[in-house]
Amino acid sequence: MKKKKKILFIEGSPDTSNGDLSKGFSKLLEQVLKGNMPKVLMGKGKLQSINKFKNSKAAFSFLLIDLDNPEDLKEEELHKLDLAAYSERVFFMVQEVEAWFIAQPEILDKYYGIDLSKKLKNKDPKQIKKPSRLLEQLTKKNKINEPYHKVRHASELLERLDTQQLRTDFEEFDRLIEKILNPNN
């Protein structure tokens, strides 16, 4: 029996001149979805990602976008973005993907060569309004001599994340994995 096509649309730059987010997300997802991988397509911005998702002809399409809000505003955001009818296939990064990195500060320590764990240990990644800004501030002086870059560094950091820990820490990530594995449920 032929497998039905799965596509995951993700908010983020499709431009690979500063790094390949699609590749980073694919390597992250391969840790847990071996043999069940969707095609990963970046959608540039949130609205373009939503439009691509809504117009997809794939048997199973999924959408992963920034929430840019606390987790308890998820339903409100679904309605605001006219995605309520798709709620079973729409998933949010809370607040942004950088929250995932902050939740696993040891990867940041190794990557940047500075001890960020101490500065991040009492912070709940889900409650930080702009995790990307916090990472930019905290990495101004580091061994690679470049502050956090939303595309270049994210594409490299994604594949270093522990997916099992992400599933524990971020309900939406766990829900995404479960839905890709069992799209009919």
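Residues numbered from 1 in each chain as written. Predicted model: local features only at pLDDT ≥ 70, side-chain atom pairs only at ≥ 80, totals over all residues. Heavy atoms only, no water.

J.: Hey, could you go over the overall build of the protein chain for me, with residue numbers and the actual values?
T.: Helix and strand counts for the protein chain stand at ten helices and four strands. Along the protein chain, helices (α) and strands (β) appear in the sequence β-α-β-α-β-α-β-α-α-α-α-α-α-α when read from the amino end. Over its C-alpha trace the protein chain gives a radius of gyration of 16 Å, about what one expects of a compact globule, namely 16 Å for 185 residues. Taken along its principal axes, the extent of the C-alpha atoms in the protein chain is 50 × 35 × 30 Å. The long-range share in the protein chain, meaning contacts at least 24 apart out of those at least 6 apart in sequence, stands at 73%. Within the structure as shown, the protein chain displays about 9800 Å² of accessible surface, and the carbon and sulfur contribution to it stands at 47%. Positive and negative side-chain charges of the protein chain, numbering 35 and 29 respectively, have mean locations separated by a distance of 5 Å. (Helix = DSSP H or I, 4+ residues; strand = E, 2+ residues; numbered from the N terminus. Rg over C-alpha atoms; globule rule 2.2 N^0.38 Å. Contact = heavy atoms within 4.5 Å. Areas by Shrake-Rupley, 256 points an atom, 1.4 Å probe, with all protein chains shown as cover. Lys, Arg positive; Asp, Glu negative; His and termini not counted. Charge placed at Lys NZ, Arg CZ, Asp CG, Glu CD.)

J.: An account of the sheet that holds strand S2 (residues 39-42) is requested, with residue identities and associated values reported.
T.: Across the sheet, which stays open at both edges, the four strands sit in the order S2-S1-S3-S4 with parallel pairing between neighbours. Two strands in the sheet have a free side with no partner beyond their single neighbour: S2 and strand S4 (90-93). Ignoring which end each strand starts from, the neighbouring axes of this sheet average 20° apart. Here five bridges tie strand S1 (residues 6-10) to strand S3 (residues 60-66), and the two strands are oriented parallel to one another. Each residue of the ladder has a partner; that of Ile10, found in S3, is Leu64. Contacts from helix H1 (residues 21-33) reach S1, S2, S3 and S4, with the element oriented near 145° to S2. Where helix H2 (residues 46-54) meets the sheet, it contacts S1, S2, S3 and S4, and its direction lies at approximately 170° from that of S3. (Pairing = 2+ DSSP bridges. Axes fitted to C-alpha atoms, helices over the stretch in contact; angles between N-to-C directions.)

J.: Any details on the pairing of S2? Residues and values, ideally.
T.: What you see with S2 is a clean split: Val40 and Met42 sit on the buried side and Lys39 and Leu41 on the side with no burial. Across four bridges, S1 lies against S2 in parallel orientation. If you follow Leu8 over to S2, its bridge partner there is Val40. Note on the crossover from S1 through H1 to S2: the handedness is right-handed. (Buried < 20%, exposed > 50% of the residue type's maximum accessible area, 1.4 Å probe, protein only. Right-handed = clockwise from strand over helix to strand, strands pointing away.)

J.: Before we move on, can you summarise the side chain of Glu11 with the specific residues and values?
T.: With respect to the helices and strands, Glu11 occurs in the loop between S1 and H1. It turns out Glu11 is buried and unbridged, and the closest side chain with the opposite charge, Lys46, is 4.5 Å from it. A polar atom in the side chain of Glu11 sits 2.8 Å from the backbone nitrogen of Asp66. Each residue touching Glu11, except ones within four places of it in the same chain, is listed here: Met42, Gly45, Lys46, Ser49, Leu64, Ile65, Asp66 and Met93. (Salt bridge = Lys/Arg side-chain N within 4 Å of Asp/Glu carboxyl O. Polar contact = N/O pair within 3.5 Å; in protein donor to acceptor, adjacent residues only side chain to side chain.)

J.: Could you give an account of the packing of H1 against helix H10 (residues 171-181), naming the residues involved and the relevant values?
T.: One way to put it is that H1 packs onto H10 with a least axis distance of 11 Å and a crossing angle of 65°. In this structure, the crossing between H1 and H10 has a hand that is right-handed. For the pair H1 and H10, the contacting residues are Leu28, Leu29, Val32 and Leu33 in the first and Phe173, Ile177, Ile180 and Leu181 in the second. (Left-handed = near helix turned anticlockwise from the far one by under 90°.)

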